[in-house]
Amino acid sequence: MADHDLIEAYLAELRGTLAWRRDDDELVDEISDHLHEAAERLLSNGTEHRAAQEQSLAQFGDPVVVARAFATTSSGGIAMPTQFTRTAGSTALIAAAFWALMALTGFVGGTELIFDGQLAPYVLWAVVSGIAGILSVVSLAGLLVRCGGLRGAVPAAALAVATIGAVMLGITTWAWVVWTALLAIATGLTVWRMHTSGTRREPGDWVAVAAWPIGIAVFVLLTQIGLGPVDYYGDYPVANAAGLTVGALLFAVGLGRLGRWLRSEEPVEASSPMAST
Amino acid sequence: MKGQALKGHLDMLVLAVLAEGPRHGYAVIEGLRERSDDAFDLPEGTVYPVLRRLDEAGYLSGEWSEVGGRRRRTYRITPSGRAALMEQRSMWEEFSSAVGAVLRGVSWPTTT
């Protein structure tokens, strides 16, 4: 990398971590002015060009640390652990348990493998699915609040899609393939926001995003193969049960992981600007 | 002195530097360093969120200009910023004096 690119590379990285803020361009311009001025002062004192850039960047601080410091500054929201985010973490753990229960009840209520067309197991499955879905919406809201708030297009879209998916999952649970795909989209938007805001960048978080697409892929694949008997509706119950089980259990693992993180953080209550640094 | 030791006080210190006159971010950090005789050693990047926070709270007002082909934001303390600084200074003096009074009554352990 050429010497003159050091500051630009730093600014590019910082821009990525601040992309979730509405004023990201202004912040990068302001920091660019600072870094160039610092390097110019060092140069005028006889410091070698590359060393001047390295020193000015070192004094400024790691871009992720700086982005985190900005994350606690209001920009349509305050990205910090609160009592709500902690409660949302607990909710996510409960939701994870409900998703595991959803897989189990789906096996008996969503297929005719065990109970042949009885209403009660289906209703139980639908209720458990609806509860799991709604709890997941609360969990996603907690994650979005944790990384900057609910204002803006991405959080609004994530919550709207998640709510539609969760409600419809409770009403027409038999169409789980469609509604869980919406939950996957909402979870994807949420995790993407977590990553771009610099709040948390754990590759394992993508398990929750990939869960339902994997479950749906299993369902489609086994249906195409034509595995097992065909039910009254012309569907393959084995494909249904397998896809549902894989998707729900993976989602439970992914959501549980996110929930543990949210729950582990001590709440930082919002205070007056003069009281926090 | 590391940034952690300044936790809770940096807003007041930034306001105090800006009470002398308008400055841009780099000059604010320079002011902090000069006035503390280089005692404050904190990552410079952490001062910008403070400036933004004070700006959004109405304690500062920021203005853009162009200097040497670069965009520069200069901050100016507002009347409510001055009032907040006065209040914080008074609280700090009270706190500092109380801590000093307690510590003066303590006999320091001798080293062997």
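Calculation criteria
- Residues numbered from 1 in each chain as written.
- Chains lettered and ligands numbered in written order.
- Predicted model: local features only at pLDDT ≥ 70, side-chain atom pairs only at ≥ 80, totals over all residues.
- Heavy atoms only, no water.
- Helix = DSSP H or I, 4+ residues; strand = E, 2+ residues; numbered from the N terminus.
- Core = buried A, V, L, I, M, F, W, Y, C linked by side-chain atoms within 4.5 Å.
- Buried < 20%, exposed > 50% of the residue type's maximum accessible area, 1.4 Å probe, protein only.
- Contact = heavy atoms within 4.5 Å.
- Salt bridge = Lys/Arg side-chain N within 4 Å of Asp/Glu carboxyl O.
- Pairing = 2+ DSSP bridges.
- Polar contact = N/O pair within 3.5 Å; in protein donor to acceptor, adjacent residues only side chain to side chain.
- Nonpolar A, V, L, I, M, F, W, Y, C, P; charged D, E, K, R; others polar.
- Axes fitted to C-alpha atoms, helices over the stretch in contact; angles between N-to-C directions.
- Parallel < 35°, antiparallel > 145°, perpendicular 65-115°, else oblique.
- Left-handed = near helix turned anticlockwise from the far one by under 90°.
- pLDDT = per-residue confidence, 0-100.
- Patch = residues over 30% accessible without salt bridge, like charges linked within 9 Å, V, L, I, M, F, W, Y side chains within 5 Å.
- Areas by Shrake-Rupley, 256 points an atom, 1.4 Å probe, with all protein chains shown as cover.
- Phe/Tyr/Trp six-rings, centres within 6.5 Å; stacked < 30°, edge-to-face > 60°.

1. Considering the environment of Pro 203 of chain A
Line of reasoning, step 1. Positionally, Pro 203 of chain A belongs in the loop between helix H8 (176-196) and helix H9 (206-225).
Line of reasoning, step 2. Along the backbone, Pro 203 of chain A and Val 191 of chain A are twelve residues apart, and their C-alpha atoms lie at a distance of 9.9 Å.

2. Observations concerning unusual backbone geometry
All names here are of chain B.
Line of reasoning, step 1. In the Ramachandran plot, Asp 37 falls in the positive-phi region, its phi being about 50° despite a non-glycine side chain.
Line of reasoning, step 2. Secondary-structure assignment places Asp 37 in the loop between helix H2 (25-35) and helix H3 (47-56).
Line of reasoning, step 3. Look at Asp 38: it is not a glycine, yet its phi comes out positive at around 65°.
Line of reasoning, step 4. Along the chain, Asp 38 falls in the loop between H2 and H3.

3. Considering the nonpolar core
Line of reasoning, step 1. Formed by 44 residues in total, the largest nonpolar core has its most connected members in Trp 99, Met 102, Leu 143, Leu 169, Trp 176, Trp 212 and Phe 251 of chain A.
Line of reasoning, step 2. Mapped by element, the contributors of at least two residues to this core are helix H5 (83-109), helix H6 (119-146), helix H7 (153-171), H8, H9 and helix H10 (237-264) of chain A.
Line of reasoning, step 3. For Trp 212 of chain A, the contacting residues outside a window of four places in its chain are Trp 99, Met 102, Trp 176, Thr 180, Ala 184, Leu 244, Gly 247, Ala 248 and Phe 251 of chain A.
Line of reasoning, step 4. Within the second largest apolar cluster, 40 residues are counted, among which are Tyr 10 of chain A together with Val 17, Leu 51 and Leu 85 of chain B.

4. A word on the pattern of salt bridges
Line of reasoning, step 1. Enumeration over the complete set of coordinates arrives at 20 salt bridges over all chains.
Line of reasoning, step 2. Glu 265 of chain A is the partner of Arg 146 of chain A in a salt bridge, and the nearest nitrogen-oxygen pair spans 2.6 Å. Note that Arg 146 of chain A is positioned in helix H6 and Glu 265 of chain A in the segment after H10, a separation of 119 residues in sequence.
Line of reasoning, step 3. Given a relative accessible area of 16%, Glu 265 of chain A falls into the buried group.
Line of reasoning, step 4. Members of the salt-bridge network, linked through shared partners, are Asp 33, Glu 37, Glu 40 and Arg 41 of chain A together with Glu 30, Arg 70 and Arg 72 of chain B.

5. Overview of the sheet that holds strand S3 (residues 70-77) of chain B
Residues and elements named next belong to chain B.
Line of reasoning, step 1. The three strands are arranged S1-S3-S2 in an open sheet whose pairing can be described as antiparallel. The open sheet is flanked by strand S1 (23-24) and strand S2 (60-67), the only strands paired with a single partner.
Line of reasoning, step 2. Bridge count between S2 and S3: eight bridges; the pairing is antiparallel. Counted as the bridge partner of Ser 61 is Arg 76 from S3.

6. Points about the interface of chain B and chain A
Line of reasoning, step 1. Tallying the contact residues gives 33 residues for chain B and 30 residues for chain A.
Line of reasoning, step 2. On the surface where chain B and chain A come into contact, there are nine salt bridges.
Line of reasoning, step 3. Between Glu 37 of chain A and Arg 72 of chain B there is a salt bridge, and its shortest N-O distance comes to 3.0 Å.
Line of reasoning, step 4. Across the chain B-chain A interface, the total number found is 14 residue pairs in polar contact (both at pLDDT 80 or more).
Line of reasoning, step 5. Looking at the side of chain B that touches chain A, the elements that each hand over two or more residues are helix H1 (10-18), H2, H3, S3 and helix H4 (79-104) of chain B.
Line of reasoning, step 6. Looking at the side of chain B that touches chain A element by element, the count peaks at seven residues for H3 of chain B.
Line of reasoning, step 7. Across the side of chain B that touches chain A, the residue classes tally to 16 nonpolar, six polar and eleven charged.

7. Some remarks on the packing of H7 of chain A against H8 of chain A
All names here are of chain A.
Line of reasoning, step 1. Relative to each other, H7 and H8 sit at 155°, their axes nearing to 8 Å. Compared by their axis directions, H7 and H8 come out roughly antiparallel. Our pair here, H7 against H8, has a crossing hand that is left-handed. Contacts between H7 and H8 pair Val 154, Pro 155, Ala 157, Ala 158, Val 161, Ala 162, Ile 164, Gly 165, Ala 166, Met 168 and Leu 169 from the former with Trp 176, Trp 179, Thr 180, Leu 182, Leu 183, Ile 185, Ala 186, Leu 189, Thr 190, Trp 192 and Arg 193 from the latter.

8. Considerations on the confidence of the model for chain B
Residue and element names in this part refer to chain B.
Line of reasoning, step 1. Residues at a pLDDT of 70 or more form 86% of chain B, whose mean pLDDT is 85.
Line of reasoning, step 2. Per-element mean pLDDT across chain B ranges from 87 in H4 up to 96 in S1.
Line of reasoning, step 3. Listed scores for the predicted complex are pTM 0.57 and ipTM 0.84.

9. Observations concerning a nonpolar patch on the surface
Residues and elements named next belong to chain A.
Line of reasoning, step 1. A cluster of nonpolar side chains, Phe 84, Ile 134, Val 138, Val 167 and Ile 171, forms an exposed patch at the surface whose accessible area comes to about 400 Å².
Line of reasoning, step 2. Going through the elements one at a time, H6 and H7 are the ones with two or more residues in the nonpolar patch.
Line of reasoning, step 3. Tracing the backbone shows Ile 134 in helix H6.
Line of reasoning, step 4. The exposure class of Ile 134 is partly exposed, given its relative accessible area of 41%.

10. Points about the confidence of the model for chain A
Residues and elements named next belong to chain A.
Line of reasoning, step 1. Mean pLDDT over chain A works out to 85, with 86% of the residues at or above the 70 mark.
Line of reasoning, step 2. Mean pLDDT in chain A bottoms out at helix H4 (residues 63-71), which sits at 74, and peaks at H9, which reaches 95.
Line of reasoning, step 3. This stretch, residues 269-277, has a pLDDT under 50; its non-local contacts, to residues over four places away or in other chains, come to 25 contacts.

11. Some remarks on the packing of aromatic side chains
Residue and element names in this part refer to chain A.
Line of reasoning, step 1. With the rule as written, the count across this model stands at nine aromatic pairs over all chains.
Line of reasoning, step 2. Seen from their ring centres, Trp 99 and Phe 251 are 5.3 Å apart, and the 85° between their planes marks the pair as edge-to-face. With Trp 99 in helix H5 and Phe 251 in helix H10, this residue pair connects regions lying 152 residues apart in the sequence. Across this residue pair, the class does not change: Trp 99 and Phe 251 are buried.
Line of reasoning, step 3. A centroid spacing of 5.6 Å and a plane angle of 70° characterise the contact between Trp 176 and Phe 219, whose relative ring orientation is edge-to-face.

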